[in-house]
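# Structural overview
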Amino acid sequence: MSIKENDKKYIAPTYGRFPVEFARAEGSTVYDTDGKKYIDMGAGIATTVFGHCDSEYVKAVTEQLNKYAHASNLYYTEPQVKLAELLCEKTGMKKVFFANSGAEANEGMIKAARKYSFDKYGEGRSKIITLKNSFHGRTVTTLSATGQDVFHNYFFPFTEGFDYAPANDIEGTKALITDDVCAVMVELVQGEGGVLPLEADYVNEIYSLCAEKDILFCVDEVQTGNGRCGALYAYMRYNIMPDIISTAKGLGGGLPIGAVLLGEKVENTLGPSMHGSTFGGNPVCAAGAYNVISRIDDGLLDGVQKKSDYIVSRLKACKNTVSVSGMGLLLGIKTTKDSKEIVNACIADGVLPLTAKDKIRLTPPLNISFEDLEKALDVICANIDK
Ligand SMILES: *Cc1c(COP(=O)(O)O)cnc(C)c1O
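Because the structure is a prediction, the values reported are computed rather than measured.

Calculation notes
Think of each chain on its own: its residues are numbered from 1, step by step along the sequence as written. In keeping with the predicted nature of the model, local features appear solely for residues at pLDDT of at least 70, side-chain atom pairs appear and are counted solely at 80 or more, and the whole-chain, interface and lining totals rest on all residues. Excluded from the side-chain calculation are hydrogens and water; included are all heavy atoms of the structure. Helix and strand assignments follow DSSP, with helices taken as H or I runs no shorter than four residues and strands as E runs no shorter than two, numbered in order from the N terminus. In this description, contact between two residues means that some pair of their heavy atoms is separated by no more than 4.5 Å. For two strands to pair, DSSP has to find at least two bridges joining them. Lines fitted to C-alpha atoms define the axes here, with helix axes fitted over just the stretch in contact, and angles between the N-to-C directions of these axes take values from 0 to 180 degrees. The pairing test for Phe, Tyr and Trp rings, Trp by its six-membered ring, is centres within 6.5 Å, and the orientation test on the planes gives stacked under 30 degrees, edge-to-face over 60, and tilted for anything in between. We call a residue buried when its accessible area falls under 20% of the maximum for its residue type, exposed when it is over 50%, and partly exposed in between, using a 1.4 Å probe and counting protein chains only. Note on criteria: charge over ring means Lys NZ or Arg CZ within 6 Å of the ring centre, with the direction from the centre no more than 35 degrees off the ring normal. Multiplying 1.5 Å by the helix residue count minus one yields the expected span of that helix. Neighbouring residues are identified by heavy atoms, a residue being near a molecule or strand if any of them is within 4 Å of it. Residues adjacent in sequence count toward polar contacts only when both atoms are side-chain atoms; beyond that, a polar contact is any pair of N or O atoms within 3.5 Å, and within protein one must be able to donate a hydrogen and the other to accept it. Here, Shrake-Rupley sampling with a 1.4 Å probe gives the accessible areas, and only protein chains in the shown set may cover a residue. Under the convention adopted here, Pro, Cys and the residues Ala, Val, Leu, Ile, Met, Phe, Trp and Tyr are nonpolar, Asp, Glu, Lys and Arg are charged, and Gly plus all remaining residues are polar.

## Overview of the side chain of His-136
- With respect to the helices and strands, the residue His-136 is situated in the loop between strand 5 (127-131) and helix 6 (140-145).
- Apart from the residues lying within four places of it in its own chain, the contact partners of His-136 are Ala-103, Asn-106, Thr-130, Thr-142, Ala-145, Thr-146, Met-185, Val-186, Glu-187 and Asp-220.

## Some words on the sheet that holds strand 14 (residues 330-335)
- Taking strand neighbours across the sheet as the criterion, the 4 strands line up as 13-14-17-16 in an open arrangement whose pairing is antiparallel. At either end of the open sheet lies a strand with only one pairing partner, and these are strand 13 (321-327) and strand 16 (354-356). Adjacent strand axes in the sheet meet at a mean angle of 30° when their direction is disregarded.
- The sheet contact formed by strand 14 and strand 17 (residues 359-362) spans 3 bridges and is antiparallel. By the bridge assignment for strand 17, Gly-332 is matched with Arg-361.

## Topic: the packing of aromatic side chains
- Summed over all chains, the structure comprises 5 aromatic pairs.
- Relative to Phe-158, the ring of Phe-156 lies with its centre 5.3 Å away and its plane at 85°, an arrangement referred to as edge-to-face.
- What makes Phe-156 exposed here is its relative accessible area of 56%.
- Taken together, a centroid distance of 5.8 Å and an interplanar angle of 70° make the contact between Tyr-310 and Phe-370 edge-to-face. Taken together, the residues span a long stretch of sequence, with Tyr-310 in helix 10 (residues 298-316) and Phe-370 in helix 12 (residues 370-385) at a distance of 60 residues.
- A cation over a ring is seen here: Lys-82 above Tyr-290, with NZ or CZ 4.6 Å from the ring centre.
- Residue placement shows Arg-295 over the ring face of Phe-50; its charged tip is 4.0 Å from the ring centre.

## With respect to helix 10
- An ideal rise of 1.5 Å per residue puts 27 Å on 19 residues; helix 10 measures up with 27 Å between its terminal C-alpha atoms.
- Among the residues of helix 10, Leu-300, Leu-301, Gly-303, Val-304, Lys-307, Ser-308, Ile-311, Val-312 and Leu-315 are the ones counted as buried.
- Buried residues along helix 10 sit against helix 9 (283-295), strand 13, strand 14, strand 17 and helix 12.

## What about the site of the ligand?
- In the vicinity of the ligand, the contacting residues are Ser-101, Gly-102, Ala-103, Asn-106, Phe-135, His-136, Gly-137, Glu-187, Asp-220, Val-222, Gln-223 and Lys-249.
- For the ligand, an oxygen atom lies 2.8 Å from a polar atom in the backbone of Gly-102.
- The side chain of Asp-220 places a nitrogen or oxygen atom 2.8 Å from a nitrogen atom of the ligand.
- Coverage of the ligand by the protein chains reaches 82% of its 390 Å² of free accessible surface.
- In terms of residue count, helix 5 (residues 102-121) provides more of the shell around the ligand than any other element does, 3 residues in total.
- A per-class count over the shell around the ligand returns 3 nonpolar, 6 polar and 3 charged.

## Structural notes on the sheet that holds strand 3 (residues 37-40)
- If you walk across this open sheet you meet the 4 strands as 1-2-3-15, and the pairing is mixed. Looking along the sheet, the strands with just one partner apiece sit at the ends: strand 1 (22-26) and strand 15 (351-352).
- Examined bridge by bridge, strand 3 and strand 15 share 2 bridges and lie parallel to one another. Residue Ile-39 lies in a different strand from strand 15, and its bridge partner there is Val-351.

Right under this line is the structure:
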């Protein structure tokens, strides 16, 4: 039986897969098992920051793999410590907890926020305000945190203590920030929700109110982080310093790792045995992540913005484009047509875009060449306007 048939037979059908079977990939190019070539405009959902099989990244990862693959968090490991130090240096955060995924990083962020409030104010101040149309993960608690009714089915009972504020509505959000709230948790660009950035005024107002009331301002940078939005983390494009940041996706450059970056207020909130993860901060993943974070410099970020500008200008020139939203190389395109149909047509023509809600979503590798971008946009624009 073919891989496609056996996938259907043996794998739980939670994903509607696109009709592409990966054979190998290099840089921003993917080859399927029929030898067909694609330009990768999704990068494994904002994950393979430096494309596929980047030689420096592969070297960093394999060097560690040849030393030891895993060591348990009961022991000291150099890659994890180096990565944590680098993340703290580059962000000003104080300590890091390592997880394996975005949802787990958010679980850690939620635990730290609630514990901080419990330590200081006792019980009854544990509510977390998230935003309508957000996405924070697939665990029972992060589904609860996700402000979309469609995610609140089947798996009852969900974790209590979340309330959903209307994004970019200052008064509507303030009205929910009552005395039982310990944290506000936001994506600065709602990725899965349709690539919708928060407005600077809104973020600054809510941030100030949180600071005033000792409510933790928590930013889910799982998708927006690690260079994706034209800064190392998207919060750097706003005039704020979050209390806690969660990240994953691009952090590992294609390997699974998540991180909770803890600011001054919460640096010692999670003590011995209060949280943990067998694989969290695995040395091979951490070595890959160190390579990724150490290479996200001003030159690369400048390129991200230039590529973003180029993509936006090309897309805006399409006659069926309604709007282009997003930040850096996290972009969403609304057209007058069905986005899924456009994406399938692009795949047939050798380009791999993503969707987000009713939009086409583009999250290419940050180091994609202008040549590949131009070719990909020729295909995408042709399909938008067909
Ligand atoms: C993808 C995503 C998550 C979940 O990450 P996983 O690694 O799939 O658990 C959480 N938050 C945001 C903003 C995401 O984009």
